[in-house]
Structures are given as structure tokens and as C-alpha cells.
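# Remarks on the overall topology
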Amino acid sequence: MKLTVIGIGLIGGSFSLALQKKKLVSRVYGVDSNLTHQQRALELGLVHEILPLKEAVAQSDIILVAVPVDATVKLLPEILDLSDKQIVFDVGSTKASVLEAVSSHKNRKRFVATHPMWGTEHSGPDAAVQNAFHNKAVVICDAEESDTGAVNQIEYLYKKLGMHIVRMNGVDHDTHVAYVSHISHITSFALASTVLEKEREEDTIFELASGGFESTVRLAKSNADMWIPIFQQNRENVLDVLNEHISQLRKFKSCLEKENWTYLRELIAEANQIRKILDRKGAGEFR
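Cut-offs and rules
Residues numbered from 1 in each chain as written. Predicted model: local features only at pLDDT ≥ 70, side-chain atom pairs only at ≥ 80, totals over all residues. Heavy atoms only, no water. Pairing = 2+ DSSP bridges. Helix = DSSP H or I, 4+ residues; strand = E, 2+ residues; numbered from the N terminus. Right-handed = clockwise from strand over helix to strand, strands pointing away. Axes fitted to C-alpha atoms, helices over the stretch in contact; angles between N-to-C directions. Parallel < 35°, antiparallel > 145°, perpendicular 65-115°, else oblique. Contact = heavy atoms within 4.5 Å. Phe/Tyr/Trp six-rings, centres within 6.5 Å; stacked < 30°, edge-to-face > 60°. Buried < 20%, exposed > 50% of the residue type's maximum accessible area, 1.4 Å probe, protein only. Core = buried A, V, L, I, M, F, W, Y, C linked by side-chain atoms within 4.5 Å.

## Let's talk about the pairing of strand 8 (residues 164-168)
On a regular strand, one side chain projects to one face of the sheet and the next to the other, so that they alternate. Both strand 7 (residues 137-141) and strand 8 contribute to a ladder of 5 bridges, which runs parallel. Its bridge partner being in strand 8, Val-138 is matched across the sheet by Ile-165. With helix 6 (residues 148-160) bridging strand 7 and its parallel neighbour strand 8, the resulting β-α-β unit is right-handed.

## Remarks on the packing of helix 4 (residues 69-81) against helix 10 (residues 224-233)
At a minimum axis distance of 7 Å, the contact between helix 4 and helix 10 shows a crossing angle of 75°. Put simply, helix 4 runs roughly perpendicular to helix 10. Contacts from Val-69, Asp-70 and Val-73 of helix 4 reach helix 10 at Pro-229, Ile-230 and Gln-233.

## What to know about the packing of aromatic side chains
Tallied over the full model, the rule gives 6 aromatic pairs. Taking 5.6 Å as the distance between ring centres and 70° as the angle between the ring planes, the aromatic pair formed by Phe-15 and Tyr-158 counts as edge-to-face. One end of the pair, Phe-15, is in helix 1 (residues 10-21); the other, Tyr-158, is in helix 6, with 143 residues separating them in the sequence. Each member of the pair, Phe-15 as well as Tyr-158, is classed as buried. Between Trp-227 and Phe-231 the ring centres are 5.6 Å apart and the planes differ by 45°, which places this aromatic pair in the tilted class. Here Trp-227 and its partner Phe-231 are both found in helix 10, 4 residues apart, which amounts to about one turn of the helix. This pair shows no difference in class: Trp-227 is buried, exactly as Phe-231 is. Site record: aromatic cluster; members linked through ring pairs are Phe-15, Phe-89, Trp-118, Phe-133 and Tyr-158.

## What about the pairing of strand 2 (residues 27-31)?
Among the 5 residues of strand 2, 4 are classified as buried, and the element is accordingly described as predominantly covered. Direction of pairing for strand 1 (residues 2-6) relative to strand 2: parallel, over a ladder of 5 bridges. What sits directly across from Lys-2, in strand 2, is Arg-27. As judged from the 2 bridges shared by strand 2 and strand 3 (residues 49-50), these two strands associate in the parallel manner. Bridging across to strand 3, Tyr-29 finds its partner in Glu-49. The handedness of the strand 2 to strand 3 crossover, carried by helix 2 (residues 35-43), is right-handed.

## A short note on the nonpolar core
Core analysis: the largest hydrophobic core is formed by 37 residues, its most contacted members being Phe-89 and Tyr-158. Elements with a minimum of two residues in this core: strand 1, helix 1, strand 4 (62-65), strand 5 (87-90), strand 7 and helix 6. Counting residues per element, this core draws most heavily on helix 1, at 6 residues. In terms of nonpolar packing, the next biggest core, distinct from the first, is built from 22 residues, Leu-80, Val-88, Ala-113 and Val-139 among them.

## A few points about unusual backbone geometry
The backbone phi angle of Asp-142 is positive, close to 50°, even though this residue is not glycine. Position of Asp-142 relative to the elements: it lies in the loop between strand 7 and helix 6. With a phi angle near 55°, Glu-259 is a residue other than glycine that sits in the positive phi range. With respect to the helices and strands, Glu-259 occurs in the loop between helix 11 (235-258) and helix 12 (261-271). Overall, Glu-259 belongs to the exposed group, its relative accessible area being 55%.

## A closer look at the sheet that holds strand 3
Strand pairing in a sheet relies on backbone hydrogen bonds, with the paired strands running either antiparallel or parallel. Read across the sheet, 8 strands follow the order 3-2-1-4-5-6-7-8 without closing on themselves; strand pairing throughout is mixed. Edge positions in the sheet fall to strand 3 and strand 8, since each has one partner strand and no second. Pairing of strand 1 with strand 4 involves 4 bridges; the strand directions are parallel. Bridge pairing in strand 4 links Thr-4 to Ile-63.

In C-alpha cells form, the structure reads like this:
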């Protein structure tokens with residue numbers, strides 16, 4: 001099977017490496033507008049050859065779209081124009097706008113909307129890792145709108161990489177990821193900005209930053225070119241969860257202002273309930 005990866009970065013590169021390791025693809029073509037990314041992808045073995053879009057699609061069986069979501073919305077109809085036999089799937093973090101962009105396309109059924117629930121704060125070809133997807137979830141959105149064979153093929157590939165499948169409609173997906181993913185990034189960006197604003201001594205941050213601080217602000221290193229389109233595409237859901245987050249912060253602020261340690265203890269105890277969910281996930285209950 002021959003694969004084209006459009007956007008040879010963290011997700012696209014990692015997917016290519018994983019499929020090559022499992023010997024699920026015989027050749028990988030790369031499409032990327034960044035000349036440096038093209039060269040690094042070849043050097044790192046993420047792809048075997050760089051080709052123009054039309055040529056790459058024509059020679060492939062499966063096309064992976066791994067570009068920022070705003071670019072996916074614009075590019076996907078063009079890819080489907082070239083794909084009457086090929087299977088096309090994306091890995092974007094928002095889905096409603098992508099699905100809307102191709103809802104009336106003549107080759108809509110050749111497209112499978114997916115979102116692997118994995119990522120790091122790094123980007124570009126050098127960020128690709130080989131075993132990225134093992135034991136992670138992948139969401140398949142609006143599967144009933146795609147050819148059964150196309151869905152089965154994409155789900156087969158994900159399962160071979162050790163992922164478990166979650167099916168969901170695109171609108172619900174965007175609501176849920178606003179809460180479990182997108183708000184985490186906004187919070188991290190905001191916290192990093194707060195520390196940089198209040199603590200002007202860089203050496204002090206370096207010396208005193210503990211594991212807890214580093215893990216909390218790790219996401220603040222994420223690429224704006226990827227995350228601004230996500231926030232744009234999922235603006236209403238992100239605003240909803242952000243308003244709730246601000247409401248929760250005000251409760252903590254009020255406790256400190258009023259020295260209401262009893263209520264503060266209640267808030268922390270309530271927040272501790274997240275442990276039950278995370279412990280279940282860590283135990284593999286969701287697989």
C-alpha cells in the first residue's frame with residue numbers, strides 16, 4: 001500500500017514512521033510547502049520521495065492530511081477532486097468545519113474524518129516519533145457519511161498501531177475536545193504569560209521551576225501556527241469552557257481573599273475527583 005502524507009510534521013511524520021515500522025506501507029510520498037521540512041523528512045526517513053500534490057495523490061492508495069485545520073478546510077476539497085479511488089483522511093483537532101467543507105463533495109464518501117488523541121508541544125519533522133500512538137484513542141467522526149470500506153481500512157490501520165476507536169459526530173467531538181484539550185493549551189499559554197510578566201528574572205524561573213510548573217506550562221511551547229486555527233475553528237466551544245474556567249478561578253480567588261479555608265478545601269476535594277477518571281484511564285479501562 002502506498003501512502004501520501006500532506007504536512008510532514010509531528011503527526012504526519014509519526015504516522016508514517018509507525019506504518020513503516022509495521023510494514024503496512026511499501027512507499028510514502030511527502031507533500032509539504034516548507035522546503036526545509038521536505039529535506040528533513042527525506043533525511044529522517046519519514047518519506048521516500050517528495051512529490052507535487054497531484055502526482056502524489058495519483059500514485060497513492062491512501063492520503064493523510066496533516067496540516068493545520070484552517071489549511072485542511074481549504075485543501076481538502078482540492079484533494080477530493082483528485083481522489084475518486086483513494087481513501088483520504090485527516091488528523092485535525094477540530095472536525096465540524098472540515099466536515100462542512102466537504103459535505104456536498106462528489107467524493108465525500110472517500111473521506112474519513114479522524115482525530116488521534118495524541119500530540120506534544122513540538123512541531124516539524126524532527127518532532128516525529130515512532131511509537132506515538134500505542135494505547136491512545138482515535139476519534140472517527142461522522143463515519144456513516146463515509147464508505148464502509150474506507151472507514152474499515154482507516155480503523156484497521158489505527159488498530160494495528162495499537163489505538164482504540166471512538167466513534168462520535170463532529171459537533172460533539174468539537175465540544176468535548178474544547179474541555180479536554182483546547183482549554184489546557186489556553187491555560188498553559190496564560191500561565192506562562194503570567195509568570196513571564198510577574199517574574200522578570202529569567203534565572204530565577206530557571207532555578208526554581210519544579211516538575212509541577214514544567215508539566216503545567218509545557219503546552220505553552222506549542223506552535224501558534226497550529227493552535228490559532230484550532231481556536232478559530234472551535235471558537236464558540238472554547239469560549240464556553242473558558243468562561244467556566246474563569247468562573248472556577250474566581251471561586252479560588254474569593255476563598256483566598258476572604259480566608260475561607262473550609263470552602264477552599266471543598267473546592268480542592270471536588271477537583272480531586274478527576275483522579276478517578278485518570279486512574280481508570282491509566283489502568284487501561286478505556287481500551
